[in-house]
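Listed here are the chains, written in short residue letters.
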Amino acid sequence: MVTPMRSDGSIDLDAAQRVATHLVDAGHDGLVVSGTTGESPTTSSEEKDELLRAVIDAVGERCVVIAGAGSNDTAKSVESVRLAQKAGAHAVLAVTPYYNKPPQAGLVAHFRAIADASDLPVMVYDIPGRSGIAIARETYLRIAEHERITAVKDARGDLWFAGEMMEQTGLDWYSGDDAMNLAHFVNGAVGFVGVTSQVAPVAYREMADAVVEGRWDDARAVHHRLVPLVNAVMNVTQGAIMAKAGLALQGVIGSPTLRLPLVEADDAETALLREALSAVG
């Protein structure tokens, strides 16, 4: 979920509640608050806490609210997890530590520390394209032994590896790559954590329902319909930029403002997005 901001860059909690309600009304059964798409690198701990509490107040009885709590500082992540539990989050999302490229033993210790910090279930986020390091097979096997590490958001783009890890760890697998949602479903994933889904929530609900009901032709048809939109949101510029632009075009948020170093979509990007949204319907 994006973090709505006013034109001066301050967080708009009322708009955040409207976005959360809009998404749940349209079929989302979970929301990630203060993930990367929520501009977590540029929001303070206090802002994250206020945002999480606002979303929980709006939709916490209707969907799973997951708090983004990962960073490349284990102590900071542990504190974020504790604050998330205090605020009433249902689970936490913890990305692989980025930039400092810890060894696999460090990843094990990092994820275990996060899992030990609260009673909340933990979804680990494997995205080597951003973090600079992938979670190794042996690391998955070790962290899966922890009772509160229960799920994976997979954005590494290796379906064969994903299938092996599902089989060997028993962890719940979620696609973390919008372009590969259907492929992950076919491979055995139980869901997806997406960016594009917040500008086309009804279509993505249709895909998920079709998968659950075994209507694979229908799921594939939705997937094909979404291709231009996924390309527009994910492959032109940064996903949060285009997600906010899309929600603004749809009138869900009043401003597509982001915090630097992210900038608003330009006229060409906005026109491309408008065309893609129209094609999806």
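None of the values given here were measured: they were computed from a predicted structure. (Residues numbered from 1 in each chain as written. Predicted model: local features only at pLDDT ≥ 70, side-chain atom pairs only at ≥ 80, totals over all residues. Heavy atoms only, no water.)

1. Let's talk about the nonpolar core
One finds Y140, L226 and L229 to be the most contacted residues of the largest nonpolar core, which totals 82 residues. Residues in contact with L229, not counting those within four places in the same chain, are T196, V199, A200, L273, A276, L277 and V280. (Core = buried A, V, L, I, M, F, W, Y, C linked by side-chain atoms within 4.5 Å. Buried < 20%, exposed > 50% of the residue type's maximum accessible area, 1.4 Å probe, protein only. Contact = heavy atoms within 4.5 Å.)

2. Concerning helix 10 (residues 216–234)
At L226, helix 10 is bent by approximately 45°, the largest bend along its length, and proline P228 sits one to four residues beyond. Buried within helix 10 we find A219, V222, L226, L229, V230, A232 and V233. On its buried face, helix 10 sits against helix 8 (181–187), helix 9 (201–212), helix 11 (239–249) and helix 12 (267–280). (Bend = angle between axes of the 7 residues up to and from the residue. Helix = DSSP H or I, 4+ residues; strand = E, 2+ residues; numbered from the N terminus.)

3. Quick notes on the pairing of strand 1 (residues 30–33)
Note that strand 1 and strand 2 (residues 64–68) share 4 bridges and pair parallel. Across the sheet, L31 pairs through a bridge with V65, a residue of strand 2. Taken together, strand 1, helix 2 (residues 45–59) and strand 2 constitute a β-α-β crossover, and its handedness is right-handed. (Pairing = 2+ DSSP bridges. Right-handed = clockwise from strand over helix to strand, strands pointing away.)

4. Notes on the UniProt feature "active site" (unreviewed entry) in the protein
Per the UniProt annotation, the sites labelled "active site" (unreviewed entry) are Y125 and K153. The greatest C-alpha distance among the annotated residues, which extend across 29 residues, is 4.7 Å, indicating that they converge on a single site. Filtering out sequence-adjacent residues up to four positions away, Y125 remains in contact with L93, A94, V95, T96, K153 and A155. Mapped onto the fold, K153 is located in strand 5 (residues 149–154). For K153, the residues in contact, after removing those within four places along its chain, are L93, M123, V124, Y125, D126, Y174, G176 and V193. (UniProt positions renumbered as here; feature names shortened; annotations may be inferred.)

5. Remarks on the packing of aromatic side chains
Evaluation of the coordinates by the stated rule reveals 4 aromatic pairs. An angle of 45° between the planes, with centres 5.5 Å apart, marks the rings of Y140 and W173 as tilted. One end of the pair, Y140, is in helix 6 (residues 137–143); the other, W173, is in strand 6 (residues 172–175), with 33 residues separating them in the sequence. As far as the burial class goes, Y140 and W173 line up, both buried. Measuring from ring centre to ring centre gives 5.4 Å for F192 and Y204, while their planes differ by 55°; the resulting arrangement is tilted. Taken as a pair, F192 in strand 7 (residues 191–192) and Y204 in helix 9 lie far apart in primary sequence, 12 residues in all. When sorted by exposure, F192 lands in the same class as Y204, which is buried. One aromatic cluster in this structure is built from Y140, F161 and W173. In this structure, K153 is placed above the aromatic ring of Y125, and the distance from its NZ or CZ to the ring centre is 4.0 Å. (Phe/Tyr/Trp six-rings, centres within 6.5 Å; stacked < 30°, edge-to-face > 60°. Lys NZ or Arg CZ within 6 Å of the ring centre and 35° of its normal.)

6. A few points about the pattern of salt bridges
In this structure the tally under the stated criterion is 14 salt bridges. Across the pair R62 and D25 runs a salt bridge, and its minimum N-O distance is 2.6 Å. Placement of the pair is R62 in the loop between helix 2 and strand 2 and D25 in helix 1 (residues 13–25), with a sequence separation of 37 residues. Residue class for R62 comes out partly exposed when judged on its relative accessible area of 46%. (Salt bridge = Lys/Arg side-chain N within 4 Å of Asp/Glu carboxyl O.)

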